[in-house]
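The chain contents come next:
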Amino acid sequence: MKVSIQELGNDEPQDGVAKLRIASYPYFPEVRNTEYYDDLHRWYLTHPLAGEMRHWVAVTEKGETVGHLAALPQYYRIDGQRVVAHTPGDYMVLPGYSFQAFSLMRTFFRETENCVACDTVPAVISVETRLGAEVAGEMQYAAKLLNVSRLPIPPVPEPVRKLLNLPPGMAPARGYESHPGAAQQHDEEHPAVPPVRPRMPIPGPIKSLFNKGLQAVDEALSRGYGNGLKAEELEDFDSYFDEFFDKVAAVIPCVPEKDAAFLNWRYGPGSPQYPVKILAVRGAQGLLGYAVLKVTSNGQDGYILDLTTLPGYRKVARALLRESVRYFRRAGAHIIRYRLLESPTSLRPEDLRRLGFFHRKGRRNSLLVKFADERLNELGRNLENWSYNVGDGEATFWLR
């Protein structure tokens, strides 16, 4: 059946895309909540660059939407120059129409001048790189256990499993890495089945004892961590964040433009992640660093969406991490997830290990870039030139 790529206006009905999302991800019941995605679309239309947002759909002769890709614009500061770059998002194609996945992405690169993407799916990254984007490098993925309910079950022989009455399958893994906005594919035709993460069945009294032990260890590890700096809670992002961003951009060659207006749009009322917890460390120079934290709707997963300091203020980063751990524990989160790009504005791996974070090699995000200006592209393709957090782009727009 003949399929054509058509542009969908931002003010046109999204019914076809909603049906496509349900058909593409039948194992995610949340995709049937079409109002959530309508709200997300309306939220993005409040972005200062909303007029440059683009949507393309793959449509059959019968009018069925079988593929979709959005181009989401954002400001970046590259070597002091303000640049608009688009991110491919909400990328999905029905099984049987895999060629349209390439056609949609080809349209994206033909119609946009610059691209910055943060992706985890190898099939998507492969298409992006074939069409000219370059992988600057990978973000690190660190996690910290706060509740032993999230301990994974080691491989158990079948006789032992039957003896202990352990179920053969458990609940699907949680996290934005399985969100319906990614074109997840095992092969050319079939979408990936959500991964499963079996959990250790621990009796309640023992579980409580272990969790108290984890808390005691955390408090011991955090003594003196952060050099006594205090992190305060903020209600929103004030004008100090404008000055803060200018100081960062004056030192770091490549950074998303994150002034107060952007941060209030990104995390304030109306955003997909609202409400969030904002922590900040101030000093004689003004704002020294901040963190944005989110506990998902299930109450179990805590995400550090953004943790940025003035370049070189490592003790401030440590203080923010210390208070982030304490906040997530008070909030009842079972695990903390943190994707970070090591830079002068971030923590270092040893800082995370000091507080009991462990690094995972799987499900890492790759940062991809393509700038029309050769000089800017040369800067952007070098990961050492970036200050970037996982909350800075489309990768976490879908996190609930």
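Keep in mind it's a predicted model, so treat the numbers as computed, not measured.

Conventions and cut-offs
- Residues numbered from 1 in each chain as written.
- Predicted model: local features only at pLDDT ≥ 70, side-chain atom pairs only at ≥ 80, totals over all residues.
- Heavy atoms only, no water.
- Salt bridge = Lys/Arg side-chain N within 4 Å of Asp/Glu carboxyl O.
- Helix = DSSP H or I, 4+ residues; strand = E, 2+ residues; numbered from the N terminus.
- Buried < 20%, exposed > 50% of the residue type's maximum accessible area, 1.4 Å probe, protein only.
- Pairing = 2+ DSSP bridges.
- Axes fitted to C-alpha atoms, helices over the stretch in contact; angles between N-to-C directions.
- Contact = heavy atoms within 4.5 Å.

Looking at the pattern of salt bridges
Enumeration according to the criterion identifies 24 salt bridges in this entry. Note that aspartate 90 is salt-bridged to arginine 21, the shortest N-O span being 2.5 Å. Taken together, the residues span a long stretch of sequence, with aspartate 90 in strand β4 (residues 81-93) and arginine 21 in helix α1 (residues 15-24) at a distance of 69 residues. The class for aspartate 90 is buried, based on a relative accessible area of 9%. Using a relative accessible area of 5% as the deciding quantity, one classes arginine 21 as buried. In this structure, the salt-bridge partner of aspartate 39 is arginine 42, at a minimum N-O distance of 2.3 Å. Separated by three residues within a single helix, aspartate 39 and arginine 42 lie in helix α2 (residues 34-44), roughly one turn from each other. A relative accessible area of 37% means that aspartate 39 is categorised as partly exposed. Classification of arginine 42 as partly exposed rests on a relative accessible area of 47%.

Notes on the sheet that holds strand β8 (residues 232-234)
Within the open sheet, the seven strands sit side by side as β8-β10-β11-β12-β13-β7-β14. Their pairing is mixed. What marks the edges here is a single partner per strand, and that holds for β8 and β14 (358-360). On average, adjacent strands in this sheet sit at an angle of 30° to one another, irrespective of strand direction. When strand β10 (residues 277-283) meets strand β11 (residues 286-295), the two strands line up antiparallel, connected through seven bridges. Each residue of the ladder has a partner; that of alanine 280, found in β11, is tyrosine 290. Relative to the sheet, helix α7 (residues 240-249) contacts β8, β10, β11 and β12 (301-309), its axis offset from that of β11 by approximately 105°.

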